[in-house]
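Residue-level structural notes
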Amino acid sequence: MVTMKDIIQSPLLLALVIGGLLYISAFSLVYLKKAYDHCLELGITRKELSNVIKSSLVFSVVPSLSIVVGLFVLIAVLGSVWAWWRLSVIGSLSYETMISSSIAQVLGYASSAEMLEAATGRQFGVVMILMSVGMLSGFLILLPLGKKLCKSVDRSAAESGGSTWKNVLSGVFMLVMFSVYIPILLFTDNVQAAVMITGLVIAIGVGVLAKRPGLAWLNNFVMAFSMLGGLISSLAWVRIFG
Amino acid sequence: MSNAKTETKMDSFQSWAHRWGRVGTLIALIYMVALPFVVLAAYDSIPSLGEVFNVNTFSILLIYIPVGFSEALSYTPILGCSAYLAFITGNIMNLKLPVAANAMNLTKKQPNTPEGEAIASVAVAVSSLMTVAILTLAAVCASFISPVFELPAVKTASGYLLPALFGSMALGLFASSSSGSKVVKGGIKGVLPVLIIMTVLSLAARLAGYGSVLGGLVGIFIIVMLPIGILTSYVLWKKGKIQVVDKEQK
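Thoughts on the overall build of chain A
Looking only at helices and strands, one finds 11 helices and zero strands in chain A. In chain A, the succession of helices and strands from N to C terminus is α-α-α-α-α-α-α-α-α-α-α. In chain A, which comprises 242 residues, the share counted as buried stands at 55%. Excluding contacts between residues fewer than 6 apart, the proportion of contacts in chain A whose partners are at least 24 apart in sequence is 60%.

Structural notes on the overall build of chain B
A tally of helices and strands in chain B yields 12 helices and three strands. Residue pairs at least 24 apart in sequence account for 67% of intrachain contacts in chain B once pairs closer than 6 positions are excluded.

Focus: the packing of helix H7 (residues 121-134) of chain A against helix H2 (residues 12-42) of chain B
Where H7(A) contacts H2(B), the axes come no closer than 8 Å and their chain directions differ by 170 degrees. Classified by the angle their axes make, H7(A) and H2(B) are roughly antiparallel. Crossing of H7(A) over H2(B) shows left-handed handedness. Only Met32(B), Val33(B), Leu35(B), Pro36(B) and Leu40(B) of H2(B) make contact with H7(A), whose side of the interface consists of Gly125(A), Met128(A), Ile129(A), Ser132(A) and Val133(A). Taken together, the residues of the contact of H7(A) with H2(B) break down into eight nonpolar, two polar and no charged.

Some remarks on the interface of chain B and chain A
Taken together, the contact between chain B and chain A spans 142 residues of the former and 139 residues of the latter. Sorting elements by how many residues they give to the side of chain B that touches chain A places helix H7 (residues 114-144) of chain B first, with 21 residues. When its residues are assigned to classes, the side of chain B that touches chain A shows 90 nonpolar, 43 polar and nine charged.

Topic: the nonpolar core
Core analysis: the biggest nonpolar cluster contains 152 residues, and Leu71(A), Val176(A), Val180(A), Ala100(B), Val122(B) and Ala123(B) have the highest contact counts within it. Apart from the residues lying within four places of it in its own chain, the contact partners of Ala123(B) are Val52(A), Ser56(A), Val99(B), Ala100(B), Asn102(B) and Ala103(B).

A short note on helix H10 (residues 192-207) of chain B
Look at H10(B): 23 Å from first C-alpha to last across 16 residues, which is about the 22 Å you get at 1.5 Å a residue. Trailing H10(B) by a residue or two, Gly209(B) shows a phi angle of about 85 degrees, which is positive.

With respect to unusual backbone geometry
Residues and elements named next belong to chain B. The phi angle at Asp 44 is positive, at roughly 50 degrees, despite the residue not being glycine. Positionally, Asp 44 belongs in the loop between H2 and helix H3 (49-52). Backbone geometry at Asn 91 places phi at a positive 50 degrees, although glycine is not the residue there. Topologically, Asn 91 is positioned in the loop between helix H5 (83-89) and helix H6 (92-106).

What to know about the confidence of the model for chain B
All names here are of chain B. Per-residue confidence for chain B gives a mean pLDDT of 81; residues scoring 70 or more make up 84%. Considering only residues more than four positions removed or in separate chains, one finds that residues 1-7, a stretch of pLDDT under 50, has six contacts. The ipTM assigned to the predicted complex is 0.72, against a pTM of 0.70.

Brief notes about helix H10 (residues 190-209) of chain A
Between the first and last C-alpha of H10(A) there are 28 Å, a value that for 20 residues agrees with the 28 Å anticipated at 1.5 Å per step. Taken together, the buried positions of H10(A) are Val191(A), Gln192(A), Ala194(A), Val195(A), Met196(A), Thr198(A), Gly199(A), Leu200(A), Ile202(A), Ala203(A) and Val206(A).

Focus: the environment of Ile44(A)
Tracing the chain through its elements places Ile44(A) in the loop between helix H2 (11-41) and helix H3 (46-78). You can call Ile44(A) partly exposed: it has 19 C-beta atoms within 10 Å. In contact with Ile44(A), not counting residues within four places along its chain, are Cys39(A), Leu49(A), Thr107(B), Glu115(B) and Ile119(B).

Notes on the packing of H2(A) against H2(B)
As a packed pair, H2(A) and H2(B) sit with axes 10 Å apart at the nearest point and diverge in direction by 175 degrees. Classified by the interaxial angle, the pair formed by H2(A) and H2(B) is roughly antiparallel. The segment H2(A) lies against H2(B), with Leu12(A), Leu13(A), Leu16(A), Gly20(A), Tyr23(A), Ile24(A), Phe27(A), Lys34(A), Ala35(A) and His38(A) engaging Phe13(B), Trp16(B), Gly24(B), Ala28(B), Tyr31(B), Met32(B), Leu35(B), Val38(B), Val39(B) and Ala42(B). Classifying every residue of the contact of H2(A) with H2(B) gives 16 nonpolar, three polar and one charged.

Focus on the environment of Pro152(B)
Residues and elements named next belong to chain B. Tracing the backbone shows Pro 152 in helix H8 (residues 152-158). A residue is classified by how many C-beta atoms lie within 10 Å of it, and Pro 152, with 9 of them, is exposed. As a C-alpha pair, Pro 152 and Ala 86 span 66 residues in sequence and 37 Å in three-dimensional space.

Rules used throughout
- Residues numbered from 1 in each chain as written.
- Chains lettered and ligands numbered in written order.
- Predicted model: local features only at pLDDT ≥ 70, side-chain atom pairs only at ≥ 80, totals over all residues.
- Helix = DSSP H or I, 4+ residues; strand = E, 2+ residues; numbered from the N terminus.
- Buried ≥ 20, exposed ≤ 12 C-beta atoms within 10 Å, placed from the backbone.
- Contact = placed C-beta atoms within 7 Å.
- Axes fitted to C-alpha atoms, helices over the stretch in contact; angles between N-to-C directions.
- Parallel < 35°, antiparallel > 145°, perpendicular 65-115°, else oblique.
- Left-handed = near helix turned anticlockwise from the far one by under 90°.
- Nonpolar A, V, L, I, M, F, W, Y, C, P; charged D, E, K, R; others polar.
- Core = buried A, V, L, I, M, F, W, Y, C linked by C-beta atoms within 7 Å.
- Expected span 1.5 Å × (residues − 1).
- pLDDT = per-residue confidence, 0-100.

Right, dumping it as structure tokens:
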């Protein structure tokens, strides 16, 4: 019988993932070339563009390190090739890790380690299909309505002088997600609560440290450090509460 | 009126992006959806429709679906025509949006203008290439250090990623949220009813011995709670309890 390990170590999966990433890279390069040339046509200087490119590269490194931390955690659940694919395209660090943490439970395993050992190829197929199909929802809005959404902002700004409601609304979705998750994590399991509070305390600590002279760079690592610290603390909390 | 018409007219890059960005995105989507089916077919492991879509797996879809809808509705107007590339390469909230905003700030261009969208597209494209490169390097290195992931400690810790992640991001919940050149002050007030309802539900479920069940119902809770959060936020925004100010005024 084909196992999950057979699939996640499949050369075919690796080849297709590399093919997909090459396409995405080519798509990005075409976008970059078109946008760059158009910026020059609009009177933006090469120096300004050079600064934007340098700044974007530097700006991307730090959040990418957080994504790498997520990648290593995802690898333990989904294998390196599928985790690499999910976080390189479409996927988001937070949602992919959220989903990876519940996959084992959904498939009827006590832990992701048990799933990795015992899951069949068909069961992992369920995970692959769900993760691939689930992310389509955003595109059901973006593809048919993307142009209209962009135009509608221009129109409303032009006609009403600009409403600030869209600024509020754009944050509400994220706040609701937090407001649903946090009480569940805090009040249903002691270890989960302790891990979350540890992560929060580390985030506050790093934030305070970052205010000291010469340590402002720490601001870029608050999420990565607190996430790592929370994960490591789980070992102690499991011993205490487990 | 004529001004409004002028502002909604797109320039050549915006028109190109909305046409070819959409085509490129569609091709990528087809590839992404087909990929698992091709691999599973090669291993004769394609699951049945019932195995993929059932009560248990619905919870996974319920995490993706509302988030996908909300991201598309929330971020497309800010990203403009760079949205196609941003969505296809993912990590919007934690990477692409900040990078695009940073680029527009650097060049002092506004979102929803031809200049702002072009410069945002440059930034998003550069950021996408950078992330693919970094993740590729990490994935290659991961294959050399795979024994690390077999350690019991790593296996235990990986089970607590979700609370660790929320702990690290919770700090942002209590801060004023930034949206382009604006800052939303008091946004948390709009979701207080959601926080209270979920706290009561979580405590009740724990006391009844069903605490572990709630985790699988998160997607349903998000869909139910979204209208409550939006409505409360709207009322408080109308009353001036939630305010949007320029970053400089923060």
